[in-house]
Amino acid sequence: MIMNATTEPFTPSADLARPTVADAVVGHETYPLFIRKPNPDDGWGIYELVKSCPPLDVNSAYAYLLLATQFRDSCAVATNEDDEIVGFVSGYVKSNAPDTYFLWQVAVGEKARGTGLARRLVEAVMTRAEMAEVHHLETTITPDNQASWGLFRRLAGRWQAPLNSREYFSTDQLGGEHDPENLVRIGPFQTDRV
């Protein structure tokens with residue numbers, strides 16, 4: 001079988017991690033953070049970050065590796081100057097609602113808290129060309145996760161868009177040992193307001 005050669009240049013994963021290809025540089029002058037698409041070398045670092053951020057549910061290292069490769073256009077990592085992953089957002093555009101981005105997880109490590117990184121990660125993804133047709137953001141949040149509620153209320157305010165929520169998964173549906181999850185929906189919003 002003959003494969004067609006691609007005209008797109010190949011970028012090694014080590015080059016993808018360099019700050020010069022970051023989507024954004026945020027943080028303080030003395031502690032810059034670089035936001036970029038994840039790459040295959042990031043899976044384990046993402047896994048370790050999420051483990052350090054309770055109450056987030058920790059998935060397998062393999063799941064984070066899949067997100068860093070198969071869903072890289074709809075995910076982002078933030079690294080410091082030492083290339084340590086200090087922030088991560090994962091999500092995907094819904095196949096049955098291509099105008100909706102479903103945000104799965106946002107994690108910000110202790111070293112990067114207080115910098116507004118969670119918001120910047122979400123907005124870095126939402127302003128990508130791949131998201132041009134997205135006008136709604138959905139996620140699920142437990143009723144007591146005040147940090148997440150605060151983040152999504154701030155996003156709705158910044159984007160001048162309504163925020164609605166309703167129970168989505170009950171405690172029983174989640175096996176009886178997990179708080180219920182509310183579906184939170186922001187939108188419609190205009191991408192130029194993100």
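Every chain begins its residue count from 1, and numbering advances along the sequence as written. In keeping with the predicted nature of the model, local features appear solely for residues at pLDDT of at least 70, side-chain atom pairs appear and are counted solely at 80 or more, and the whole-chain, interface and lining totals rest on all residues. Side-chain numbers here rest on the full set of heavy atoms in the structure, without hydrogens or water.

A. Geometry of the side chain of N39. Each helix is a run of H or I in the DSSP string that is no shorter than four residues. Each strand is a run of E no shorter than two, and both are numbered from the N terminus. Structurally, N39 can be placed in the loop between β2 (31-36) and α2 (43-51). With relative accessibility at 0%, the residue N39 sits in the buried group. Throughout this description, a polar contact denotes any pair of N or O atoms lying within 3.5 Å of each other; where both atoms belong to protein, one of them has to be capable of donating a hydrogen while the other can accept it, and for residues adjacent in sequence the pair is counted only when both atoms sit in side chains. Engagement of the side chain of N39 in a polar contact is seen with the backbone nitrogen of D41, the distance being 2.8 Å. Remark: exposure states derive from per-residue accessible area (1.4 Å probe, protein chains only) relative to the maximum for the residue type, with buried under 20%, exposed over 50%, and partly exposed in between.

B. Structural context of the layout of surface pockets. Of the two site types, the cavity is a set of points on a 1 Å grid over the protein atoms alone where a 1.4 Å probe fits but cannot get out, and the pocket is an open set with protein on both sides within 12 Å along at least five of seven lines, each lined by residues with an atom within 4 Å of a point. Grid points are joined across faces, edges and corners, and a volume is the space filled by probe spheres set on the points. Empty space within the largest pocket amounts to approximately 1000 Å³. Around the largest pocket sit 37 residues that line it, and P55, L56, V106, N145 and S148 are the ones nearest its centre. Breaking the lining of the largest pocket down by element, the ones donating at least two residues are β5 (97-108), α4 (117-126), β6 (136-141) and α5 (146-158). Sorting elements by how many residues they give to the lining of the largest pocket places β5 first, with seven residues. Under this grouping Gly is polar, as are all residues other than the nonpolar Ala, Val, Leu, Ile, Met, Phe, Trp, Tyr, Cys and Pro and the charged Asp, Glu, Lys and Arg. Class assignment of the residues belonging to the lining of the largest pocket gives a composition of 19 nonpolar, eleven polar and seven charged.

C. The packing of α4 against α5, seen in detail. The N-to-C vectors of α4 and α5 enclose an angle of 55°; their axes lie 10 Å apart at closest approach. In terms of orientation, α4 and α5 fall into the oblique class. Viewed along their axes, α4 and α5 form a crossing whose handedness is right-handed. Between α4 and α5, the contacting residues are A118, R119, V122 and E123 on the first element and L151, L155 and R158 on the second. Residue composition of the contact of α4 with α5, by class: four nonpolar, no polar and three charged. As a rule, the C-alpha atoms of each element are fitted with a line to give its axis, helices using only the stretch in contact, and angles between N-to-C directions run from 0 to 180 degrees. Should an angle lie under 35 degrees it is considered roughly parallel, over 145 roughly antiparallel, and from 65 to 115 roughly perpendicular; all remaining angles are considered oblique. Throughout, a crossing is termed right-handed when the near helix is turned clockwise from the far one, and left-handed when it is turned anticlockwise from it by less than a right angle. Contact criterion: two residues are considered in contact whenever any of their non-hydrogen atoms come within 4.5 Å of each other.

D. Looking closely at unusual backbone geometry. Backbone torsion omega between P54 and P55 reads 15°, so that peptide bond is classified as cis. Position of P55 among the secondary structure elements: in the loop between α2 and α3 (61-70). Phi is positive for D83, which is not a glycine, with a value near 65°. Looking at the element boundaries, D83 is found in the loop between β3 (76-79) and β4 (85-94). For D83, a relative accessible area of 41% corresponds to the partly exposed category.

E. Examining the packing of α2 against α3 more closely. Viewed as axis vectors pointing N to C, α2 and α3 meet at an angle of 120°, and their least axial separation amounts to 8 Å. Between α2 and α3, the angle is such that the two are oblique. Relative to α3, α2 is oriented so that their crossing is right-handed. For the pair formed by α2 and α3, the contact residues are G43, W44, I46, Y47 and V50 on the first element and A61, Y64, L65 and A68 on the second. Per-class residue counts for the contact of α2 with α3 are eight nonpolar, one polar and no charged.

F. How the structure looks around the pattern of salt bridges. Between Lys or Arg on one side and Asp or Glu on the other, a salt bridge is scored when a side-chain nitrogen of the former is within 4 Å of a carboxyl oxygen of the latter. Overall, the coordinates contain ten salt bridges when judged by the stated rule. Between K37 and E130 there is a salt bridge whose closest N-O contact spans 2.9 Å. Of this pair, K37 sits in the loop between β2 and α2 while E130 sits in the loop between α4 and β6, and the two are 93 residues apart along the sequence. With a closest N to O distance of 2.7 Å, R119 and E123 form a salt bridge. Here R119 and its partner E123 are both found in helix α4, four residues apart, which amounts to about one turn of the helix.

G. Just α3, in detail. Among all positions of α3, only A63, Y64, L67 and A68 are buried. Angular distribution of buried residues about the axis of α3 spans 135°; they occupy a single face of the element. Counted as exposed and oriented over 90 degrees from the buried face of α3: Y62 and Q70. The elements touched by buried residues of α3 are α2, β4 and β5. By arc we mean the arc of the directions from the helix axis to the C-beta atoms, nothing more.

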